[in-house]
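# Fold and contact review
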2 protein chains.
Amino acid sequence: MEKQTITIYDVAREASVSMATVSRVVNGNPNVRPDTREKVLKVIEKLDYRPNAVARGLASHRTTTVGVLIPDITNIFYASLARGINDVATMYKYNIILASADEGKHKTDAVLQSIMAKQVDGLIYMGQHVDDSTRKELDRGKTPVVLAGTVDPQDKFGSVNIDYVAAIKEATSRLIASGNQRIAFVTGPLSDPINGQFRLKGYQEALSDAKIAYDESYVFETEYSYRAGEAVWDAVKRAGVTAAVVTDDELAVGFLNGARDAKVKIPEDFEIITSNNTMLTEIVRPKLTSIAQPLYDIGAVAMRLLTKMMNKEEIDQKTILLPHSIITRNSTK
Amino acid sequence: MEKQTITIYDVAREASVSMATVSRVVNGNPNVRPDTREKVLKVIEKLDYRPNAVARGLASHRTTTVGVLIPDITNIFYASLARGINDVATMYKYNIILASADEGKHKTDAVLQSIMAKQVDGLIYMGQHVDDSTRKELDRGKTPVVLAGTVDPQDKFGSVNIDYVAAIKEATSRLIASGNQRIAFVTGPLSDPINGQFRLKGYQEALSDAKIAYDESYVFETEYSYRAGEAVWDAVKRAGVTAAVVTDDELAVGFLNGARDAKVKIPEDFEIITSNNTMLTEIVRPKLTSIAQPLYDIGAVAMRLLTKMMNKEEIDQKTILLPHSIITRNSTK
DNA sequence: ATGAAAGCGCTAACAA
DNA sequence: TTGTTAGCGCTTTCAT
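In this text, all values refer to a predicted model and were calculated from it rather than measured experimentally.

### A short note on the sheet that holds strand 7 (residues 219–221) of chain B
Residue and element names in this part refer to chain B.
- The mixed open sheet is built from six strands, whose spatial order is 7-6-8-9-10-12. Both outer strands of the open sheet, strand 7 and strand 12 (325–327), are each paired with one neighbouring strand and no more. Across the sheet, the axes of successive neighbouring strands diverge by a mean angle of 20°, strand direction being ignored.
- Here strand 9 (residues 271–274) pairs with strand 10 (residues 289–292) via two bridges, running parallel. Bridging across to strand 10, Thr274 finds its partner in Ser290.
- On top of the sheet, helix 8 (residues 164–177) reaches strand 6 (183–187), strand 8 (243–246), strand 9, strand 10 and strand 12; it is set at about 170° to strand 8, its chief contact.

### A closer look at the protein's contact with DNA strand C
- Taken together, 28 residues sit near DNA strand C, with Ile8(A), Ser23(A), Tyr49(A), Thr21(B) and Arg24(B) positioned nearest.
- In DNA strand C, atoms within 4 Å of the protein come 64% from sugar and phosphate.
- The separation between a phosphate oxygen of DNA strand C and a polar main-chain atom of Ser18(B) is 2.8 Å.
- Taken together, the elements giving at least two residues each to the surface near DNA strand C come down to helix 2 (19–26) and helix 4 (53–60) of chain A together with helix 2 (19–26) and helix 4 (53–60) of chain B.
- Considering only residue class, the surface near DNA strand C consists of twelve nonpolar, twelve polar and four charged.

### What to know about the protein's contact with DNA strand D
- In the region of DNA strand D, 28 residues are neighbours, and Arg24(A), Arg33(A), Ile8(B), Ser23(B) and Tyr49(B) sit closest.
- The share of sugar and phosphate among atoms of DNA strand D within 4 Å of the protein is 62%.
- Take Arg24(A): an N or O atom from its side chain is 2.6 Å from a base oxygen of DNA strand D.
- At the level of secondary structure, the elements contributing two or more residues to the surface near DNA strand D comprise helix 2 and helix 4 of chain A together with helix 2 and helix 4 of chain B.
- At four residues, the largest contribution of residues to the surface near DNA strand D is made by helix 4 of chain B.
- For the surface near DNA strand D, a count of residues per class yields twelve nonpolar, twelve polar and four charged.

Each value, and the rule that gives it
- Residues numbered from 1 in each chain as written.
- Chains lettered and ligands numbered in written order.
- Predicted model: local features only at pLDDT ≥ 70, side-chain atom pairs only at ≥ 80, totals over all residues.
- Heavy atoms only, no water.
- Pairing = 2+ DSSP bridges.
- Helix = DSSP H or I, 4+ residues; strand = E, 2+ residues; numbered from the N terminus.
- Axes fitted to C-alpha atoms, helices over the stretch in contact; angles between N-to-C directions.
- Contact = heavy atoms within 4.5 Å.
- Near = heavy atom within 4 Å.
- Polar contact = N/O pair within 3.5 Å; in protein donor to acceptor, adjacent residues only side chain to side chain.
- Nonpolar A, V, L, I, M, F, W, Y, C, P; charged D, E, K, R; others polar.

Take a look at the structure:
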């Protein structure tokens, strides 16, 4: 005998009420007499009835599901944001459809389409540049979108960030103050505005304030990975700089180890400041001085903002800037 | 004017065919004349029709969505598995509903229920002990379940693992061979069978083979985290052991740094072998000798196995053991 | 090869 | 407060 799925209709019949009443009870609608509610609840328990969220989604046009696009789930920076997102989503009874948006631009749109097809109520977008085709895809519905730890120069979506210009400027100024004149900017893809526009600008402003000429050959563009950091060390060293601002912790850690394996003393001979203050900064020796971003909070606040948008609540500001600071550890003097 | 959603009915009308035919075209059903197919495809493109996956799910009883339970997304071990899961899922056109199963047992069942309510076609379960209430929840449907990097002593579900007994036994034997007689077993929760039954057994077998008495006071149970590792160092040192087998990399890295900050020379004065061979083992200095598990593959193979189960294909073996090895680095002599 | 029609399990007017 | 009745957008027999 096959296990039969219990539907709302079975409950209604067994409790001698209409489907509508059962639906009301299940959804906590107050327009139900306490005793009928009790009666229905009893039958629900007896039959072990479980509402079918798919049917509910089709009928109500709400799936209580949000899409989350993440560039690389193994990068602890994004994973930390995801944790904040997840916790708030759970708190508000949303499920998360997670999708990786790496593997080059080609697949991102396909992935995005598959998520939208699932009728998510909202979307959180992390990392990477929101390019034109993606933007178009996002625009076609009225699905609310929030960027987390990611900037959109066109300022079209909700977003939660720190002030990347100011943060990198402070970090760079710090290195200048401790006597460095030639400072490298070791960064992820400049095609992403967070690097190519915001962070780079902060770096340049700090130099400018100190009357140091901007030298493009001190900018090293690579990817967010440990290996990339190890690999780029040689070139940076050869450029003759004495310090570096790095935009990702995995990158910075690889860079640091590249330096140490080359017998360079950190911070005596070379100073490093990184950007994300993840656990990695405390794991390595020397520990890395870092810009501190409230990682978990960025995710959490982004998800909270999204819930408001999904409820069509009034939003006072759709771009939220969280505070940052610089945590001094042992990779700077 | 509101944006109107295009349905299969709109396409049917515009193409002068029935909904059934459009459905056939969309689903690649071969029973459609090439020219009608062309005609329909043209209209689909013109109208920019997007099938509604929720309606499809309700009608077909398949959602092309799988649930993934992960204990801690910021733990790089689980994140690595998730990456493999994600890639294969994408390959087979499944979306992933991700849920964290941390925060204590209480919430795990609630999270599981919310996922099942979404009518996922299958489930991947990582970490933690599958306890009775969870097992019951999993049993009620016919939803296929695969454990990834997680063991089930009752052997009821599909699962993809390495041979944890053998792996820990080898690691322990290695430490014995290099002259250690008193070896600590630093582990996550023993309530989880992967530790309390499998790994512990491997540890004990190695001792037994070497005629070393098992001493319970050399077993240190804590949690999978960097801080926990730092914290446990003192107690381990005080126990007078000269080496340790650690069951998680974050834990091991904290432990290593605890030792180094206490000026203990690794590996000269103390040897360490860890279990997961994640990036962390290469980031720290000295680099950690580790059991190597094919992390990405465990996730990928688990997802692949799940696709087979969801298609009701014949499964030759529902428990898959992937090969392991030991990578020697600098935390052992 | 194509179409007609009956659901899938639920919500949401609208009535009563 | 409760019930009736249309759908939601699609798949899937079953005819033709």
